[in-house]
Amino acid sequence: MSEHTLQKRLLHFALQGVDTSVGRVQYREAGNAQAPRTCVLLHGIGSGSASWLAQLEAAASAPDEVHVLAWEAPGYGDSRAVQSEHPRASDYAHHLWAWLNALHITHPITLVGHSLGALMAASAAISQPSRVQQLVLLAPAQGYGASPAEIRNQKRDDRLHNLTTLGPAGIAAQRSKAMLSDRATEAQITFIQHIMAQVHVHGYTQATHLLAQGDLLTDLTQWSGSLTVASGRSDTITPMANCQALAQACQVNWHDLGDVGHACALEGAAAINALLQLPTLNKVNA
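The structure contained in this document is the topic of the report that follows. (Residues numbered from 1 in each chain as written. Predicted model: local features only at pLDDT ≥ 70, side-chain atom pairs only at ≥ 80, totals over all residues. Heavy atoms only, no water.)

Things to note about the overall build of the chain
Quick reminder of the rule: Starting at the N terminus, helices and strands are each numbered in turn, a helix being any DSSP run of H or I of at least four residues and a strand any DSSP run of E of at least two. Throughout this description, buried means an accessible area under 20% of the type-specific maximum (1.4 Å probe, protein chains only), exposed means over 50%, and partly exposed covers the range between. Any two residues whose heavy atoms approach within 4.5 Å are treated as being in contact. Here the Shrake-Rupley method, with its probe set to 1.4 Å, supplies the accessible areas, and only the displayed protein chains count as covering residues. Only four residue types enter the tally: Lys and Arg on the positive side, Asp and Glu on the negative side, with His and both chain ends excluded. Taken as the charge centre is NZ of Lys, CZ of Arg, CG of Asp or CD of Glu, depending on the residue.
Within the chain, the secondary structure is distributed over 11 helices and eight strands. Across the 286 residues in the chain, those meeting the buried criterion constitute 54%. Pairs at least 24 apart in sequence give 76% of the contacts found in the chain among residues at least 6 apart. Carbon and sulfur atoms provide 48% of the accessible area of the chain, an area that totals close to 12,000 Å². Here the chain contributes 17 positive and 21 negative side-chain charges, whose respective centroids are spaced 1 Å apart.

So this is what it looks like as structure tokens:
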């Protein structure tokens, strides 16, 4: 399929917005709000709600089975940024629950975090565990909070330097291929590049500080509920070995998403949808 077709498919899930106690949150939605299950999807640092296209399509195919919500994280799209210039995962968790409160989502959810979204999801889960039925971490970024200060600072400064010198569009052009495996289609690469180019400098800067000081494993020691960790074999950003080590440390199984890269929700859509027990589509990949 062409990139134009992917963009056209995304039009079925227009961005919406809701005012919350902490400001505006923008999101995409599919399925029926009265469905028995709600999946809440949190994207990564160089991404957005559009990255969950295949999961939105799956929910739309059987609207009475599942309700899917995918946000634009604080500082992304038209979602209000968190207040702190050096935020922690808990700042994003606070915005998450304010958003779901505004949507009157009070029943336990399946909370899914991809990459940096895993840090946000874990923090949200431990802050309100009764509201999370299952925590799912896809290609999780673990953060550098447990690393020596020089490593934390170097990782932060390298990203901010690239942002200053290249801008979002330049980063997208440079890194979009790295988000996928060598088997990815040109349409998938172009679609991911388009999503990455939309990030805002301020939101990305705040997220970079979160990544530098986040510590996913420490957060997960406070979580005793259902946990799933999954990633692809061709992921060079959060390598398979790192994700396997995280799962082992948490005493859960690592789920193999197949020979896909970091942008697994798109490239490994069938595996992700099966993992999340979303309706099966005849064709979910681009």
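After that view of the structure, there is still more to cover.
What to know about the pattern of salt bridges
The line we're drawing: Any Lys or Arg side-chain nitrogen located within 4 Å of an Asp or Glu carboxyl oxygen qualifies as a salt bridge.
Scanning the entire structure with this criterion turns up five salt bridges. Here Glu57 makes a salt bridge to Arg9, at a shortest N to O gap of 2.8 Å. A residue pair is termed long-range when its members are at least 10 positions apart, and Glu57 in helix H2 (residues 53-61) and Arg9 in helix H1 (residues 3-10) qualify at 48 residues. Each member of the pair Glu57 and Arg9 is classed as buried. Residues Asp256 and Arg233 are paired through a salt bridge, measuring 2.5 Å at the closest nitrogen-oxygen approach. In this pair, Asp256 sits in strand S8 (residues 254-256) while Arg233 sits in the loop between strand S7 (226-231) and helix H9 (240-249), placing the two residues 23 residues apart along the sequence. For Asp256, a relative accessible area of 35% corresponds to the partly exposed category.

A closer look at the side chain of His95
If you trace the backbone, His95 turns up in helix H3 (residues 89-102). Residue classification places His95 among the buried positions, given a relative accessible area of 6%.

Topic: the sheet that holds strand S4 (residues 66-71)
In plain terms, the rule: Strands are labelled as partners when DSSP assigns at least two bridges between them. Axis geometry follows a simple rule: fit a line to the C-alpha atoms, using only the stretch in contact for helices, then measure angles between N-to-C directions, giving values from 0 to 180 degrees.
Across the sheet, which stays open at both edges, the eight strands sit in the order S1-S2-S4-S3-S5-S6-S7-S8 with mixed pairing between neighbours. The open sheet terminates on both sides in strands that have one partner only, identified here as strand S1 (16-20) and S8. On average, adjacent strands in this sheet sit at an angle of 30° to one another, irrespective of strand direction. In this structure, strand S6 (residues 132-138) lies alongside S7, joined through five bridges in parallel fashion. Looking at S7, one finds that Leu138 is bridged to Ala230. Here H2 sits on the sheet in contact with strand S2 (23-31), strand S3 (37-42) and S4, set at roughly 55° to S2. Its contacts with the sheet place H3 against S1, S2, S3, S4, strand S5 (109-114) and S6, and it is angled at close to 135° to S4.

As for helix H6 (residues 186-197)
The test is simple: Each residue after the first adds 1.5 Å to the expected span of a helix.
Across its 12 residues, H6 extends 16 Å between first and last C-alpha, which sits within 8% of the 16 Å expected from 1.5 Å per residue. Buried within H6 we find Ala187, Gln188, Ile189, Phe191, Ile192, Ile195 and Met196.

Brief notes about the nonpolar core
Applied cut-off: Throughout, nonpolar core names a set of buried Ala, Val, Leu, Ile, Met, Phe, Trp, Tyr and Cys residues whose side chains join them through atoms within 4.5 Å.
Core analysis: the biggest nonpolar cluster contains 89 residues, and Leu96, Trp99, Leu111 and Leu135 have the highest contact counts within it. Among the elements that line this core, the one with the most residues is helix H4 (residues 116-127), at eight residues. Not counting chain neighbours up to four residues away, the residues in contact with Leu135 comprise Leu111, Ala121, Ala122, Ala125, Leu220, Trp223, Ser226, Leu227 and Thr228.

A word on the packing of aromatic side chains
Our working rule: Any two rings among Phe, Tyr and Trp, with Trp reduced to its six-membered ring, count as a pair given centres within 6.5 Å; such a pair is stacked if its planes are under 30 degrees apart, edge-to-face if over 60, and tilted if neither.
Going through the model one piece at a time under the given rule, you end up with two aromatic pairs. For the ring pair Tyr27 and Trp99, a centre distance of 5.7 Å and an interplane angle of 50° mean the geometry is tilted. Within this pair, whereas Tyr27 is found in strand S2, its partner Trp99 is found in helix H3, the two being separated by 72 residues in sequence. Assigned by exposure class, Tyr27 and Trp99 land together as buried. Ring geometry for Trp71 versus Trp99: centroids 5.7 Å apart, planes at 25°, classification stacked. Placement of the pair is Trp71 in strand S4 and Trp99 in helix H3, with a sequence separation of 28 residues.

As for H4
In this model H4 runs 17 Å from its N-terminal to its C-terminal C-alpha over 12 residues, within 8% of the 16 Å that 1.5 Å per residue would give. For H4, the buried fraction is high: 10 of the 12 residues fall into the buried class. Residues of H4 that are buried: Leu116, Gly117, Ala118, Leu119, Met120, Ala121, Ala122, Ser123, Ala124 and Ala125.

Focus: the state of the cysteines
In plain terms, the rule: When the sulfur atoms of two cysteines come within 2.5 Å, that pair is taken as a disulfide.
Evaluation of the coordinates by the stated rule reveals zero disulfides. Considering cysteine sulfurs only, Cys264 is the nearest to Cys39, which forms no disulfide, with 14 Å between them. Cys39 gets classed as buried once you look at its relative accessible area, which sits at 1%. Its sulfur unpaired, Cys250 is 11 Å from the next cysteine sulfur, which belongs to Cys243. Relative accessible area serves as the criterion here: at 19%, Cys250 is assigned to the buried category.

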